[in-house]
Amino acid sequence: MSRLLVRHVYRMWPVAVNQQAVEVLARGPTPVLSARRHFSATPRQNIMETTGFTENQMMVREAIGAICSQFPNTYWQEHDQREEDPREFHAALARGGWLGIALPEELGGAGLGISEAVMMMQTITESGAGMAGAQAIHANVYATQPLAKFGTKDQLESTIPNIISGKWRTCFGVTEPNTGLDTLRLRTVAKKQADGSYIVTGQKIWITCAQVAKKMMLLARTTPLEEVKKPSEGLSLFCIDLDKDAPGLEMRKIKKMGGRAVDANEVFFDNYKIPADTLIGSENQGFKIILHGMNAERCLLAGEALGLGYAAVKKAAEYARERVVFQRPIGMNQGIAHPLADAYMHLEAAKLATYHAARLYDSSTLDQSIKQDTIGVAANTAKYLAAEAAFTACERAVMTHGGMGYAMEYDVERWLRECLVPRIAPVSREMIMNYISEKVLQLPRSY
């Protein structure tokens with residue numbers, strides 16, 4: 001994407017955000033939030049070292065940061081407590097064209113790469129929005145990657161522009177309650193009918209934003225496992241409508257620990273009919289197709305974890321400078337300062353791994369020497385390191401605040417609840433270590 005076009009997208013920001021954001025802020029504080037003080041906002045002080053980032057990445061960081069500044073921490077506190085979807089935030093990003101950051105320009109996207117998308121997601125969580133802010137748009141960025149690469153012209157033209165504009169939201173339907181990370185043994189079945197349509201039966205779980213989504217990227221079995229030549233075959237990817245009024249579809253919202261502003265769901269299919277033209281790519285090749293999105297998702301999750309960690313360390317350092325006990329700032333005590341310094345250094349190291357993985361992902365589209373295994377190792381490493389660094393940062397931020405770290409209005413308790421997400425999803429720490437053991441160290445597979 002040219003510098004001129006980046007500046008064009010950047011210039012769109014004031015028009016895109018101001019009207020909706022002003023409406024949000026004009027409503028004033030609710031009774032729940034009426035007593036909020038200065039600590040309800042995350043200052044836009046930069047503690048992350050930004051040397052080495054591209055001009056595009058820095059312009060994305062500035063533009064997204066400006067949008068996020070219109071949604072203070074009180075907005076996210078309220079939506080977390082009420083379990084209310086941040087639709088105003090989603091709409092503000094959509095109007096700026098940011099939901100299409102990594103999608104082709106000819107479909108209305110910005111034509112940027114995962115490197116810029118990671119910066120966008122990091123900036124969102126770092127602003128104080130946390131994982132809830134990121135998850136509100138997360139699937140719109142990564143779940144559309146397989147569709148953009150393997151979809152037909154009609155699929156792209158009918159779907160992608162509506163997602164970019166914010167008219168439609170999307171979710172990713174892969175995980176199942178009885179298979180977990182054993183994706184190749186998914187049990188949800190899409191049975192082909194004489195007219196080419198499919199009948200879907202099965203269950204998905206932990207589907208984020210299904211309550212508000214129009215579309216789902218669904219991975220389902222089209223050939224029984226015992227009939228395929230390779231375990232990776234027999235699964236197909238579909239881009240389906242989530243029609244809550246149609247027979248055969250039911251959703252149940254899951255009450256959860258963190259990120260409560262975005263819904264997570266069990267989704268049940270019982271002879272749910274989907275048209276033939278919802279199939280993406282070739283039948284039975286869905287697993288290979290979603291791999292294109294999985295590495296992107298790991299990069300994005302790593303960026304989101306980084307932002308959460310930087311926000312927590314920044315907030316803790318500010319508190320440690322201002323909080324006076326025994327007639328001195330508590331930050332003078334090495335017992336406070338050293339753990340925060342250690343957390344910061346781990347974030348900086350994870351940052352290098354994260355943007356290295358994103359660069360590899362983007363470069364692989366033009367450089368055929370970059371293998372998918374190489375990207376997989378880098379993306380999984382980045383996700384692991386960033387998630388661990390974020391957890392350490394958030395835990396230490398709560399402890400730095402002492403008793404006030406347990407109070408909602410200081411935000412660090414919310415971030416601590418949310419920082420477990422990148423540790424758990426979309427793949428556990430243990431499975432990442434299994435992957436590295438096998439792919440890099442060539443050790444025997446343990447499962």
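These numbers were taken from a predicted model, which means no experiment stands behind them.

A.B. asks: What is the right way to look at the overall build of the protein chain in this model?
C.D. replies: Along its length, the protein chain carries 15 helices and ten strands. In the protein chain, which comprises 447 residues, the share counted as buried stands at 55%. Considering only intrachain contacts with a sequence separation of at least 6, the fraction spanning at least 24 residues in the protein chain is 76%. Taken as a whole, the protein chain presents about 19,500 Å² of accessible surface, with 54% of it coming from carbon and sulfur.

A.B. asks: Whenever I open this one, the nonpolar core confuses me. Can you help?
C.D. replies: Judged by nonpolar contacts, the single largest core of 104 residues is most densely connected at Leu93, Trp98, Ile101, Met120 and Ile124. Ranked by the residues each element gives to this core, the list is headed by helix H10 (residues 286-322), at 19 residues.

A.B. asks: Sorry, what's going on with the environment of threonine 208 here?
C.D. replies: The residue threonine 208 is located in strand S3 (residues 198-208) in this model. Residues in contact with threonine 208, not counting those within four places in the same chain, are Gln135, Cys171, Val262, Asp263 and Ala264.

A.B. asks: Looking at this model, I keep getting lost on the pattern of salt bridges. Mind explaining?
C.D. replies: Charged atoms that come close allow side chains of opposite charge to pair. In the structure shown here, the tally under the stated rule is 23 salt bridges. Between arginine 396 and aspartate 342 there is a salt bridge, and its shortest N-O distance comes to 2.7 Å. Residue arginine 396 is found in helix H12 (residues 372-401), and its partner aspartate 342 is found in helix H11 (residues 334-363); the two are separated by 54 residues along the sequence. On the basis of relative accessibility, which here comes to 25%, the residue arginine 396 falls in the partly exposed class. One salt-bridge network, in which partners are shared between bridges, spans Asp80, Arg260, Glu413 and Arg417.

A.B. asks: Would you mind going over unusual backbone geometry with me for this structure?
C.D. replies: Leave glycine aside and you will find that most residues have negative phi; peptide bonds, for their part, are mostly trans. Residues alanine 425 and proline 426 are joined by a peptide bond in cis, for which omega reads -5 degrees. When you line up the elements, proline 426 lands in the loop between helix H14 (420-424) and helix H15 (429-439). Phi is positive for asparagine 271, which is not a glycine, with a value near 55 degrees. With respect to the secondary-structure elements, asparagine 271 resides in strand S7 (residues 264-274).

A.B. asks: What am I meant to see in the packing of helix H3 (residues 55-68) against helix H6 (residues 114-135) here?
C.D. replies: Two measures define how a pair of helices packs: the angle their axes make with one another and the distance between the axes. The geometry of H3 relative to H6 is characterised by a closest axis approach of 9 Å and an angle of 30 degrees between their N-to-C directions. In this structure, H3 crosses over H6, and the sense of that crossing is right-handed. In contact with Asn56, Gln57, Val60, Arg61, Ile64, Gly65 and Cys68 of H3, H6 contributes Ser115, Glu116, Met119, Met120, Gln122, Thr123, Ile124, Glu126 and Ser127. Looking at the contact of H3 with H6 residue by residue, the classes come out as six nonpolar, seven polar and three charged.

A.B. asks: Would you mind showing me how to read H12 here?
C.D. replies: Because each turn of an α-helix spans 3.6 residues, side chains separated by three or four positions end up pointing in the same direction. Here H12 contains 30 residues, and its C-alpha end-to-end distance of 43 Å stays within 8% of the 44 Å for a straight helix at 1.5 Å per residue. Looking at the residues trailing H12, positive phi occurs at glycine 402, about 60 degrees.

Parameters at a glance
Residues numbered from 1 in each chain as written. Predicted model: local features only at pLDDT ≥ 70, side-chain atom pairs only at ≥ 80, totals over all residues. Heavy atoms only, no water. Helix = DSSP H or I, 4+ residues; strand = E, 2+ residues; numbered from the N terminus. Buried < 20%, exposed > 50% of the residue type's maximum accessible area, 1.4 Å probe, protein only. Contact = heavy atoms within 4.5 Å. Areas by Shrake-Rupley, 256 points an atom, 1.4 Å probe, with all protein chains shown as cover. Core = buried A, V, L, I, M, F, W, Y, C linked by side-chain atoms within 4.5 Å. Salt bridge = Lys/Arg side-chain N within 4 Å of Asp/Glu carboxyl O. Axes fitted to C-alpha atoms, helices over the stretch in contact; angles between N-to-C directions. Left-handed = near helix turned anticlockwise from the far one by under 90°. Nonpolar A, V, L, I, M, F, W, Y, C, P; charged D, E, K, R; others polar. Expected span 1.5 Å × (residues − 1).

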